[in-house]
Amino acid sequence: MVVELAAFRERWDALLDDPQRDDIAAQLVAPFDRDLDEAREAILSDVPAVRAAAIGRLFRGALVLELVRRRKRFVVEDWPYARELRARVLGASEDSDDDDDDDEREEPPWRALPDPTDPFIAWTLGELAEGAPEPERASLVRRAIDAFDAIALSPISPGNDLGPFTQMAHLMNADEVRRALTVTERMAGADWSFTGDYGSHEDLSRARQYLVARLAGLGLLDEAESLLPTITDGASRAEALGRMRGHRIVQGSSWQSPLCEPLFQDGKRFLDLLRGLTRVLELPAHPPPEALLADCIAHVHAEPDEETRTSAVILMEDWFPAGSPERWFSAICASIPATDWLHVDALFRLSVVAQTSPVGPRVVQTAIARMLARVEGDHVRWLDGIYAVRDVLPFREVLALFATALITTARASRALLLQELHVIHDLEALLSWLGGEPSLGATAEAIDEVERLLR
């Protein structure tokens, strides 16, 4: 497709001067829209060079459609996502060597001297302790506890944390945890409740949750469980209980379900318990036992609230390799509405571990079908999932899915292609697999051509 640059730019400038001129926008995108359909056919070629060129055309057309729809000039250096995409496909880093050298010359964060007038010095000291070697770390932790003690009756919050001690509890030894818990007893004399970036929360309960869970992680399980009643907020207590039960499993105990307790009559508390469990029971080191999986999945099926069922399955996604693919497939289909993007996301996650199982082909095809049925135009977000199951799909099907994902996203009214591509981890590998190394260069050339047209 040949574009007369001067004429195109004249129309583009006219559109930017009067963004309401949809007729001009239609004229601008029409040839690129047609070329997208032609590129969809060309990408199915048996010739790698033809496929690589088609990939470049797909990127060019998709970007033109999105940017004209948004009525925004396109200069790569002014668009971080575009700059990142170009650097990725060219195998370049956005950071210069000089920046790397500067980073190497910087002092380690834990050597920094915190400003004594910093109102959040307790949090700052905890952050500095992260990554610090002993004995510097122990010193910073002790100073942080002292700093929290100093403000125990004067509640304050930086607004972007979960409460006192939550970011540093995992650094503490048992004695330090007990000292911090003593500080929370003093904090009970003031109102440590805040509304911040993480929503409204009861900071004192959150602090105790993390500290009590740390005791469990240190092997002091009975002491930790004896302190559960001191956590007055139900959400924090449920999550702390989940972490404690997780630590018991790691340390050799069997699963003892607490789900019949009154606390879990509220479905959201079940989610909190799961959140605590998944913090501890991580694969491959600490897989959840079969009894736990059966109990939690049964609870999901019995949960009447759709949103709670969906959230529960999503929380358990990292456990998919530990259970039967058939059972997980059933849980996803029964618990998450088929029209929800989380449904598609969960199916692609399951597809990766179910490929060799009898249900594997059905999981993969269901994930693809549910993706294609979506009308929001967010297909690009599942390119990683498509790449992950490439070995169980015909090559031409993967080519067609890639083209469809870009075109559907480009033609959607609100989808943001560059932002969606930003989170695709295996994009470069996928492009190379589809069209060889030349496809990466074709993508970079497409970005440069769009810049010449729409700057």
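Everything below is about the structure shown above.
Residues numbered from 1 in each chain as written. Predicted model: local features only at pLDDT ≥ 70, side-chain atom pairs only at ≥ 80, totals over all residues. Heavy atoms only, no water.

Draft legend 1. The arrangement of the side chain of Ser 357 in detail. Relative to the helices and strands, Ser 357 resides in the loop between helix H16 (341-354) and helix H17 (360-373). Ser 357 sits in the buried class, given a relative accessible area of 14%. Side-chain polar atoms of Ser 357 contact the backbone oxygen of Ala 354, separated by 2.8 Å. (Helix = DSSP H or I, 4+ residues; strand = E, 2+ residues; numbered from the N terminus. Buried < 20%, exposed > 50% of the residue type's maximum accessible area, 1.4 Å probe, protein only. Polar contact = N/O pair within 3.5 Å; in protein donor to acceptor, adjacent residues only side chain to side chain.)

Draft legend 2. Just the packing of aromatic side chains, in detail. For the structure on display, the rule yields 8 aromatic pairs. Measuring from ring centre to ring centre gives 5.8 Å for Phe 8 and Phe 32, while their planes differ by 75 degrees; the resulting arrangement is edge-to-face. Residue Phe 8 is found in helix H1 (residues 5-17), and its partner Phe 32 is found in helix H2 (residues 22-42); the two are separated by 24 residues along the sequence. For the pair Phe 8 and Phe 32, a shared accessibility class is recorded, and that class is buried. Aromatic pair Phe 148 and Phe 165: ring centres 4.6 Å apart, planes at 50 degrees, arrangement tilted. Here Phe 165 lies in the loop between helix H7 (136-150) and helix H8 (174-187) and Phe 148 lies in helix H7, a separation of 17 residues in the sequence. Exposure remark for Phe 165: the relative accessible area of 1% places this residue in the buried category. Ring pairs connect the aromatic residues Phe 120, Trp 123, Phe 148 and Phe 165, which therefore count as one cluster. If you follow Arg 381 out to its NZ or CZ, it ends over the ring of Trp 341, 4.5 Å from the centre. A cation sits over an aromatic face here: Arg 381 above Trp 382, 5.6 Å from the ring centre. (Phe/Tyr/Trp six-rings, centres within 6.5 Å; stacked < 30°, edge-to-face > 60°. Lys NZ or Arg CZ within 6 Å of the ring centre and 35° of its normal.)

Draft legend 3. Fine view of the pattern of salt bridges. Counting across every chain of the model gives 33 salt bridges. Of the charged contacts in the structure, one is a salt bridge between Asp 146 and Arg 179, with a shortest N-O distance of 2.5 Å. A residue pair is termed long-range when its members are at least 10 positions apart, and Asp 146 in helix H7 and Arg 179 in helix H8 qualify at 33 residues. The partly exposed category is assigned to Asp 146, whose relative accessible area is 41%. Taken together, the shared-partner salt bridges in this structure form one network comprising Asp 35, Glu 38, Arg 57, Arg 60 and Glu 449. (Salt bridge = Lys/Arg side-chain N within 4 Å of Asp/Glu carboxyl O.)

Draft legend 4. A look at the packing of H7 against H8. At a minimum axis separation of 9 Å, H7 and H8 run at an interaxial angle of 10 degrees. As the angle between them shows, H7 and H8 are arranged roughly parallel. Classified by chirality, the crossing of H8 by H7 is left-handed. On the side of H7, the interface is formed by Ala 138, Val 141, Arg 142, Ile 145, Asp 146, Phe 148 and Asp 149, while H8 contributes Glu 176, Arg 179, Ala 180, Val 183, Arg 186 and Met 187. In terms of residue class, the contact of H7 with H8 is built from 7 nonpolar, no polar and 6 charged. (Axes fitted to C-alpha atoms, helices over the stretch in contact; angles between N-to-C directions. Parallel < 35°, antiparallel > 145°, perpendicular 65-115°, else oblique. Left-handed = near helix turned anticlockwise from the far one by under 90°. Contact = heavy atoms within 4.5 Å. Nonpolar A, V, L, I, M, F, W, Y, C, P; charged D, E, K, R; others polar.)

Draft legend 5. View of helix H21 (residues 427-435). Those residues of H21 lying buried are Leu 427, Leu 430, Leu 431, Leu 434 and Gly 435. With its buried residues spanning 100 degrees around the axis, H21 presents them on a single face. Among the structural elements, helix H3 (48-70), helix H4 (80-89), helix H18 (383-388), helix H19 (395-411), helix H20 (417-422) and helix H22 (438-454) are those in contact with the buried residues of H21. Directly beyond the C-terminal end of H21, a positive phi value near 75 degrees is found at Gly 436. (Arc of directions from axis to C-beta.)

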